[in-house]
Amino acid sequence: MRHLMSPLDFSVEELEKLLNLADDIGKNPKKYAHTCDDKRLATLFYEPSTRTRLSFEAAMMNLGGKVLGFSSADSSSASKGESVADTIRVVSCYADICAMRHPKEGAPLVASMASNIPVINAGDGGHQHPTQTLTDLLTIRSLKGRLDNITIGLCGDLKFGRTVHSLIEALVRYENVKFVLISPEELRIPSYIREDVLKRNNIEFVEEERLEDALPALDILYMTRVQKERFFNEEDYVRMKDFYVLDKQKMELAPKDMYILHPLPRVNEISVEVDSDPRAAYFKQVQYGVYVRMALILTLLEVELPC
């Protein structure tokens, strides 16, 4: 039995196989429509979510399976003081696989150690968000045709952004990937990512404060919102929240074949006028997320795939 806590839980070869499966699901959805007819997915979301939770639910339903779970800690026995370990032991009696989001880093890992079913980390605090990373990898590969030989700009909240941390850790395993880290000084990438991931692997990266300076050299621009829920006080959040706004004027500086990704939700960091630009790929990204979660469910459940 395998769990998914980090994108690094899969080797590059296993990732390739997973992304190929997701690609085939996107092209031939009917082929997979009954592969999980007798399976149940539990979604244990201790923290609010729209895309990730509904994407998991849509993925399991598309495979013919059923879904149960809760969408906030208040509506679970956590509000009575039940531990994550006890919750997963109980849920293991009801479901075949589980997706867990939790505000505390490491909570899904604790759950996996007590679980009798595969556990998928659907986001733990500011730490990891592996299924978003798988979605990002599938999106980049589908749009650019490769995951190596790219220059990717990561813009916004690089300090608390778990999607950014996971994506960097995944992409450093591919050849000739260059990073442009665009953020105000207060929201720069954490030192453990800079030192232990980028520098240790001899990865080329630069840090910029102005988005305009970075845009002309990018293959991919990955925008993030400044996350209000990660700030300790309102004043710091208000000062930072509109530091970057991508609009039509700035897009004129970007290459014609540069694509914009965003894990969503967005607040003000991408103007709605950019949505009509053919390079805006963040809603396509959402659809790719369903395919990759379908592939992940099939892989972790070791379901026999249709020919």
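Values in this document were obtained by computation on a predicted structure and should not be read as measured data.

Engineer: Break down the pattern of salt bridges for me, citing the residues and quoting the values.
Structural biologist: Where charged atoms of side chains with opposite charge meet at close range, the side chains can pair. Taken as a whole, this structure holds 15 salt bridges when the rule is applied. With a closest N to O distance of 3.0 Å, D23 and K27 form a salt bridge. You can see D23 and its partner K27 sitting in helix 1 (residues 12-27), four residues apart, about one turn around the helix. A salt bridge links D257 to K144; its shortest N-O distance comes to 3.7 Å. Residue D257 is found in the loop between helix 10 (248-251) and strand 9 (259-261), and its partner K144 is found in helix 5 (residues 130-144); the two are separated by 113 residues along the sequence.

Engineer: Please set out the environment of V274 residue by residue, giving values where relevant.
Structural biologist: Relative to the helices and strands, V274 resides in the loop between strand 9 and helix 11 (282-300). With 26 residues separating them in the primary sequence, V274 and K248 have C-alpha atoms 5.9 Å apart. Apart from residues no more than four positions distant in its own chain, V274 is found in contact with L246, D247, K248, M251, I260, A280 and Y282.

Engineer: Quick rundown of unusual backbone geometry? Include the residues and the values.
Structural biologist: Residues L264 and P265 are joined by a peptide bond in cis, for which omega reads 5°. Note that P265 resides in the loop between strand 9 and helix 11. Phi at L264 is positive, roughly 60°, even though this residue is not glycine. A residue is classified by how much of its surface remains accessible, and L264, at 14% relative accessible area, is buried.

Engineer: Can you break down the sheet that holds strand 3 (residues 97-102) residue by residue, with the values?
Structural biologist: The four strands are arranged 2-1-3-4 in an open sheet whose pairing can be described as parallel. The open sheet has two edge strands, strand 2 (66-70) and strand 4 (119-124), and neither has a second partner. Ignoring which end each strand starts from, the neighbouring axes of this sheet average 15° apart.

Engineer: Help me get a handle on the sheet that holds strand 8 (residues 220-223), residues and values and all.
Structural biologist: Taken in spatial order, the five strands make up an open sheet running 7-6-5-8-9, and their pairing is parallel. In this open sheet, the two edge strands, each paired with only one partner strand, are strand 7 (205-208) and strand 9. In this sheet, adjacent strand axes meet at a mean angle of 20° when their direction is disregarded. One ladder, built from three bridges, connects strand 8 with strand 9; its direction is parallel. Its bridge partner being in strand 9, Y222 is matched across the sheet by L261. Helix 6 (residues 162-171) rests against strand 5 (150-155), strand 6 (177-182) and strand 8 of the sheet, and its axis sits at about 165° to strand 5. Set on the sheet, helix 7 (residues 191-199) makes contact with strand 6 and strand 7; between it and strand 7 the angle comes to about 155°.

Engineer: So, the nonpolar core: which residues are in play, and what are the values?
Structural biologist: Residues I152, L154, I168, L171, F179, L181 and L198 are the most contacted members of the largest nonpolar core, which totals 62 residues. It is helix 11 that contributes the most residues to this core, 10 residues altogether. Membership of the second largest hydrophobic core comes to 20 residues, among which are I182, L215, M258 and I270.

Engineer: Could you give me a rundown of the packing of aromatic side chains, with the residues and numbers involved?
Structural biologist: Geometrically, a pair of aromatic rings is defined through the distance of the ring centres and the angle of the planes. Tallied over the full model, the rule gives two aromatic pairs. Consider the rings of Y46 and F70, whose centres lie 5.2 Å apart with planes at 90°: the pair is edge-to-face. One end of the pair, Y46, is in the loop between strand 1 (40-45) and helix 2 (51-62); the other, F70, is in strand 2, with 24 residues separating them in the sequence. Taken individually, Y46 and F70 each receive the classification buried, so the pair is uniform in this respect. Taking the centre distance of 5.3 Å and the plane angle of 65° together, the rings of Y282 and F283 count as edge-to-face. The ring of F56 carries R293 above its face, with NZ or CZ at 5.1 Å from the centroid.

Cut-off values and rules
- Residues numbered from 1 in each chain as written.
- Predicted model: local features only at pLDDT ≥ 70, side-chain atom pairs only at ≥ 80, totals over all residues.
- Heavy atoms only, no water.
- Salt bridge = Lys/Arg side-chain N within 4 Å of Asp/Glu carboxyl O.
- Helix = DSSP H or I, 4+ residues; strand = E, 2+ residues; numbered from the N terminus.
- Contact = heavy atoms within 4.5 Å.
- Buried < 20%, exposed > 50% of the residue type's maximum accessible area, 1.4 Å probe, protein only.
- Pairing = 2+ DSSP bridges.
- Axes fitted to C-alpha atoms, helices over the stretch in contact; angles between N-to-C directions.
- Core = buried A, V, L, I, M, F, W, Y, C linked by side-chain atoms within 4.5 Å.
- Phe/Tyr/Trp six-rings, centres within 6.5 Å; stacked < 30°, edge-to-face > 60°.
- Lys NZ or Arg CZ within 6 Å of the ring centre and 35° of its normal.

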